[in-house]
Amino acid sequence: MSEKLSFVSPTANSPWGTYLSQVDRVVPYLGPLARWVETLKRPKRALIVDVPIEMDDGSIAHFEGYRVQHNMSRGPGKGGIRFHPDVTLEEVMALSAWMTIKTAAVNLPYGGAKGGIRVDPKKLSPQELEKVTRRYTSEIGIIIGPHTDIPAPDVNTNAQIMAWMMDTYSMNVGGTATGVVTGKPLHLGGSLGRVKATGRGVFVTGREAARRLGMDLRGARIAVQGFGNVGSVAAELFAEAGAKIVAVQDHTGTIVNSNGLDLAKLVPISRTDGVVGFKAGGDIVPNEDFWNTPCDILIPAALEGQLTAERAQKTTAKLVLEGANGPTVPQADDILAERGVLVVPDVICNAGGVTVSYFEWVQDFSSFFWDEDEINVRLDRIMMNALNQIWDTADKHKITLRTATYAVACERILMARQERGLYP
Ligand code: GLU
């Protein structure tokens, strides 16, 4: 988007281009609502902010930040904040649009939004990280709020960053507005179960998909790309169910063990040294070999665009669980469908996080907090109901689960759009 800034002309192979082609594929299933589909191809509002801070060495650094509100037809904007050196406006547009589809797919009363700062947080001191977070929050403070747009954690952001965001917003409005962000620490209006919710949702939808495929999870071989909050939690839950985690890749490299990696050791080591720190527990292999490691289930839980056409051709997986947002490019989607590989798409597979974010927001407003069992039972029920409805739609039209999810979600969004009508 560098040459000509336009919502409708994506850069080649960009996440926004992937999203637009996913929307194009659903149009034949929208009936008369197709009249409104253009609304999904343009974000409602996009804000670019300058984030200047004084660094520890006394110099002044400027970072570029974004908050995109893609759609608010069904409720306030909702979606995480990403800190990453590769963040662009176009990427945040795609991520915000996927939030619109995701919240509608699981029928949460939200629209979709996303934010990000182009920064490598690993290069900042804790003080610099806090300054970046607070200045960014203050800059986007003109469009976020408990009833308008509610940020949450995403790649490289966590409960501490949400606490700083909540505090900064609260200071600016005068009061304590816990409902302005979700994914907060527990004693600041956070919810039990939120940290593990995304990984748990990947497990719940994956277990159901495996059941429908007739695949036994006991002994099933799983490869996981991305070993943060999503990938590691999903891996642990699948391992508890008897599966073997045979390959894990993170930003430090790739480790494989055909007998299954020992997660009790790998998880804590990965937190400090990355997965390659666990040399004793497996073989370190070149990153590209991750994609042809023999496996039954592949969980891309890192960044967008990882599952390319070439990698889709070589994977031995029968089931792909999209823990990340936008990991599969459209050509790879076609190849996987032709090869009979089932894909549980991001917009349902990783919706557990935003679902428990919704529970957190509801608890903040009612100032009444639920126990973890209640959270997990409700999470499982919402995910299973949504998945079953999507599966019925896929069977009815003989379409992929992704297009079926878009069909269910886009009908809800565009119906709301139509009922609200155009203003003025
Ligand atoms: N960042 C997460 C996602 O991509 C969670 C968003 C939220 O909880 O609002 O779904």
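Here's what I pulled together on the structure shown here. Quick caveat, the model's predicted, so the values are computed rather than measured.

Structural notes on the pattern of salt bridges
For the structure on display, the rule yields 27 salt bridges. With a closest N to O distance of 3.1 Å, Asp-216 and Arg-218 form a salt bridge. Here Asp-216 falls in the partly exposed class, since its relative accessible area comes to 43%. In this structure, the salt-bridge partner of Arg-378 is Glu-374, at a minimum N-O distance of 3.0 Å. Taken together, the residues span about one helical turn, with Arg-378 and Glu-374 both in helix α12 (residues 372-397) at a distance of four residues. The network of salt bridges with common partners includes Arg-82, Glu-91, Lys-114, Asp-154 and Glu-304.

Examining the pairing of strand β7 (residues 244-250)
Burial analysis of β7 places six of its seven residues in the buried class, which makes it a mostly covered element. In terms of strand pairing, strand β6 (residues 221-225) meets β7 through five bridges, oriented parallel. Bridged to Ile-222 within β7 is Ile-245. At this point the chain moves from β6, through helix α6 (residues 231-240), to the parallel β7, and the crossover so formed is right-handed. In this antiparallel pair of consecutive strands, β7 and strand β8 (residues 253-256), the connection spans two residues.

Comments concerning the packing of α12 against helix α13 (residues 401-420)
Each pair of packed helices can be described by the angle between their axes along with the distance between the axes. α13 packs onto α12 with a crossing angle of 110° between their chain directions and a minimal axis gap of 8 Å. One element, α12, and the other, α13, form an angle in the roughly perpendicular class. Once α12 is placed against α13, the crossing between them reads as right-handed. On α13, the residues touching Gln-389, Ile-390, Trp-391, Thr-393 and Ala-394 of α12 are Leu-401, Ala-404, Thr-405, Ala-407, Val-408 and Arg-412. Its residues placed into classes, the contact of α12 with α13 shows seven nonpolar, three polar and one charged.

A short note on the site of the ligand
Around the ligand sit 14 residues, and of these Lys-78, Lys-102, Pro-153, Asp-154 and Ser-357 come closest. Separating an oxygen atom of the ligand from a side-chain N or O atom of Lys-78 is a distance of 2.8 Å. For the ligand, the accessible surface in isolation is 290 Å², of which the surrounding protein chains cover 95%. Of all the secondary structure elements, the ones that give two or more residues to the shell around the ligand are β3 (77-84), α2 (89-105), β5 (149-153) and α11 (352-366). Its residues assigned to classes, the shell around the ligand comprises four nonpolar, five polar and five charged.

Quick notes on the pairing of β5
Counting buried residues along β5, four of its five residues qualify, which places the element largely inside the surrounding structure. Across five bridges, β3 lies against β5 in parallel orientation. Note that in β5 the partner of Ile-81 across the bridge is Pro-153.

Remarks on the environment of Ser-366
Relative to the assigned elements, Ser-366 resides in helix α11. When the C-alpha positions of Ser-366 and Lys-102 are compared, they lie 24 Å apart, and in sequence the two are 264 residues distant.

Quick word on the sheet that holds strand β9 (residues 283-285)
Hydrogen bonds between backbone groups are what pair the strands of a sheet, and the pairing can be parallel or antiparallel. Across the sheet, seven strands lie side by side as β9-β8-β7-β6-β10-β11-β12; this open sheet has mixed pairing. Each edge of the open sheet is held by one strand with a lone partner, namely β9 and β12 (342-344). For this sheet, the mean inter-axis angle between neighbouring strands, taken without regard to orientation, is 20°. Here four bridges tie β7 to β8, and the two strands are oriented antiparallel to one another. Note on β8: the bridge partner recorded for Val-248 is Ile-255. In the packing of α6 onto the sheet, the strands contacted are β6, β7, β10 (297-300) and β11 (319-321), and the crossing angle to β6 comes to about 170°.

Looking at the sheet that holds strand β4 (residues 112-118)
Judged by pairing direction, the sheet is mixed, and its five strands sit side by side in the order β1-β2-β4-β3-β5 without closing on themselves. Each edge of the sheet is formed by a strand with only one pairing partner; in this case those strands are β1 (45-54) and β5. Neighbour-to-neighbour, the strand axes of this sheet turn through a mean angle of 25°, independent of strand direction. Where strand β2 (residues 60-71) lies against β4, six bridges are found, and the strand directions are antiparallel. Paired with Gln-69 across the two strands is Ala-113, which belongs to β4. Seen against the sheet, helix α3 (residues 126-140) touches β1, β2, β3 and β4 and runs at an angle of roughly 145° to β1.

Calculation rules
Residues numbered from 1 in each chain as written. Predicted model: local features only at pLDDT ≥ 70, side-chain atom pairs only at ≥ 80, totals over all residues. Heavy atoms only, no water. Salt bridge = Lys/Arg side-chain N within 4 Å of Asp/Glu carboxyl O. Buried < 20%, exposed > 50% of the residue type's maximum accessible area, 1.4 Å probe, protein only. Helix = DSSP H or I, 4+ residues; strand = E, 2+ residues; numbered from the N terminus. Pairing = 2+ DSSP bridges. Right-handed = clockwise from strand over helix to strand, strands pointing away. Axes fitted to C-alpha atoms, helices over the stretch in contact; angles between N-to-C directions. Parallel < 35°, antiparallel > 145°, perpendicular 65-115°, else oblique. Left-handed = near helix turned anticlockwise from the far one by under 90°. Contact = heavy atoms within 4.5 Å. Nonpolar A, V, L, I, M, F, W, Y, C, P; charged D, E, K, R; others polar. Near = heavy atom within 4 Å. Polar contact = N/O pair within 3.5 Å; in protein donor to acceptor, adjacent residues only side chain to side chain. Areas by Shrake-Rupley, 256 points an atom, 1.4 Å probe, with all protein chains shown as cover.

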